[in-house]
Amino acid sequence: MKMVRPVSNKYILAMFLAICLVILSAAPEGFAHRRPYRHHHSKTKGALVGGAVGAVGGALIGGKKGAVIGGAAGAGTGAYVQHRKNQKQRRYYRNHRRLR
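Report follows, based on the coordinates. (Residues numbered from 1 in each chain as written. Predicted model: local features only at pLDDT ≥ 70, side-chain atom pairs only at ≥ 80, totals over all residues. Heavy atoms only, no water.)

## Thoughts on the overall build of the chain
Helix and strand counts for the chain stand at two helices and zero strands. For the chain, buried positions account for 13% of its 100 residues. A total accessible area of about 9,200 Å² is found for the chain, and carbon and sulfur atoms account for 66% of it. (Helix = DSSP H or I, 4+ residues; strand = E, 2+ residues; numbered from the N terminus. Buried < 20%, exposed > 50% of the residue type's maximum accessible area, 1.4 Å probe, protein only. Areas by Shrake-Rupley, 256 points an atom, 1.4 Å probe, with all protein chains shown as cover.)

Here's what the structure looks like:
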């Protein structure tokens, strides 16, 4: 004759928690909260890179004075380019977010 073992409350609770875990882990990705991410280009970094490139180019073309002028022009151009990238990205993000 087989004896039936009584089920304790611990096992019932453990099974209930395991089933809940399986159900909750199978939830689709659409339920997850998505935080908007906007990539930001640093204007300072753009100015530094542009200034360095401009200074090297100016030095090759016009010597010391050319390096100073090229560095200033390159820094301004680099900052402007990064500024435009940020504006373009912001516009793109805003328009595509509206479409969702």
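## Brief notes about the environment of Gly70
You can see Gly70 is positioned in helix H2 (residues 43-99). Accessibility expressed as a relative area gives 16% for Gly70, which makes it buried. Once residues lying within four places of it in the same chain are set aside, the contact partners of Gly70 are Gly54 and Ala55. (Contact = heavy atoms within 4.5 Å.)

## Brief notes about a nonpolar patch on the surface
Taken together, the side chains of Leu13, Phe16 and Leu17 make up a nonpolar region of the molecular surface, amounting to roughly 330 Å² of accessible area. As for its position among the elements, Leu17 is in helix H1 (residues 9-25). (Patch = residues over 30% accessible without salt bridge, like charges linked within 9 Å, V, L, I, M, F, W, Y side chains within 5 Å. Salt bridge = Lys/Arg side-chain N within 4 Å of Asp/Glu carboxyl O.)

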